[in-house]
Amino acid sequence: MDVIVNSTNPKLNLDKGFVSSLISKEGGQELKDEVKKNYKSGIGYGKIAATSGEKIGCREIFHGALYKGGGSQKLSIKVFEKFLQAICYNFISSILMNS
């Protein structure tokens with residue numbers, strides 16, 4: 001498997017949320033340390049944090065912050081579109097670097 005995509009919070013607290021906590025458990029302290037080292041301030045909505053997925057059987061894990069707040073549905077859609085674009089860009093970049 002090349003990539004796992006995980007929606008999480010902007011602070012990248014991988015202990016919150018069902019899928020995030022499973023990824024965190026399998027990735028262990030190494031994964032948490034990588035997130036803290038590379039994304040000290042977290043990420044913005046629609047952005048992704050790319051981490052190694054080696055310990056859980058994939059090349060990379062893309063952790064993305066989606067907007068779940070109340071308010072505009074248009075804002076949620078825009079954030080989701082940015083999230084998908086970031087995934088595509090990072091996935092293609094990853095493939096090209098490993099070719």
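Remember, predicted model here, so these are calculated numbers, not experimental data. (Residues numbered from 1 in each chain as written. Predicted model: local features only at pLDDT ≥ 70, side-chain atom pairs only at ≥ 80, totals over all residues. Heavy atoms only, no water.)

If you tally the helices and strands in the protein chain, you get 2 helices and 3 strands. Look at the contacts in the protein chain between residues 6 or more apart in sequence, and 50% of them connect residues 24 or more apart. For the protein chain, the accessible surface area stands at approximately 6400 Å², while carbon and sulfur atoms represent 56% of it. (Helix = DSSP H or I, 4+ residues; strand = E, 2+ residues; numbered from the N terminus. Contact = heavy atoms within 4.5 Å. Areas by Shrake-Rupley, 256 points an atom, 1.4 Å probe, with all protein chains shown as cover.)

Attention now goes to the environment of T8. Along the chain, the position of T8 falls in strand 1 (residues 3–8). Separated by 54 residues in sequence, T8 and F62 have C-alpha atoms that sit 9.9 Å apart. Sequence-distant contacts of T8, defined by excluding residues within four places in its chain, comprise N13, L14, S20, H63, G64, A65 and L66.

Further remarks concern the nonpolar core. Among the nonpolar cores identified, the biggest contains 11 residues, and these are I4, L12, L14, I23, L31, V35, I43, A49, C58, I61 and A65. Secondary structure elements with two or more residues in this core: helix 1 (18–38) and strand 3 (60–65). At 3 residues, the largest contribution of residues to this core is made by helix 1. Leave out the neighbours within four places in its chain, and L14 touches N6, T8, S20, S21, S24, L31, V35 and H63. Residues F62, L66, A86 and I87 belong to the second largest nonpolar core, which totals 7 residues. (Core = buried A, V, L, I, M, F, W, Y, C linked by side-chain atoms within 4.5 Å. Buried < 20%, exposed > 50% of the residue type's maximum accessible area, 1.4 Å probe, protein only.)

The next thing to look at is the packing of aromatic side chains. With the rule as written, the count across this model stands at 1 aromatic pair. Between F80 and F83, the aromatic rings sit 6.2 Å apart at their centres with planes inclined by 35 degrees, giving tilted as the arrangement. Of this pair, F80 and F83 both sit in helix 2 (residues 73–97), 3 residues apart, roughly one helical turn. Exposure remark for F80: the relative accessible area of 40% places this residue in the partly exposed category. Among the residues examined, F83 registers a relative accessible area of 4% and is labelled buried. (Phe/Tyr/Trp six-rings, centres within 6.5 Å; stacked < 30°, edge-to-face > 60°.)

Okay, a nonpolar patch on the surface next. Together, F18, V19 and L22 make up a nonpolar patch on the protein surface, roughly 310 Å² of accessible area in all. On the secondary structure map, L22 appears in helix 1. For L22, a relative accessible area of 42% gives the class partly exposed. (Patch = residues over 30% accessible without salt bridge, like charges linked within 9 Å, V, L, I, M, F, W, Y side chains within 5 Å. Salt bridge = Lys/Arg side-chain N within 4 Å of Asp/Glu carboxyl O.)

On to the sheet that holds strand 3. Read from one edge to the other, the open sheet built from 3 strands follows the order 1-3-2, with strand pairing classed as mixed. Sheet topology places strand 1 and strand 2 (48–52) at the edges, where each strand pairs with a single neighbour. When the angles between neighbouring strand axes are averaged without regard to direction, this sheet yields 25 degrees. Sheet analysis places strand 2 next to strand 3, joined by 5 bridges and oriented antiparallel. Across the sheet, A50 pairs through a bridge with F62, a residue of strand 3. (Pairing = 2+ DSSP bridges. Axes fitted to C-alpha atoms, helices over the stretch in contact; angles between N-to-C directions.)

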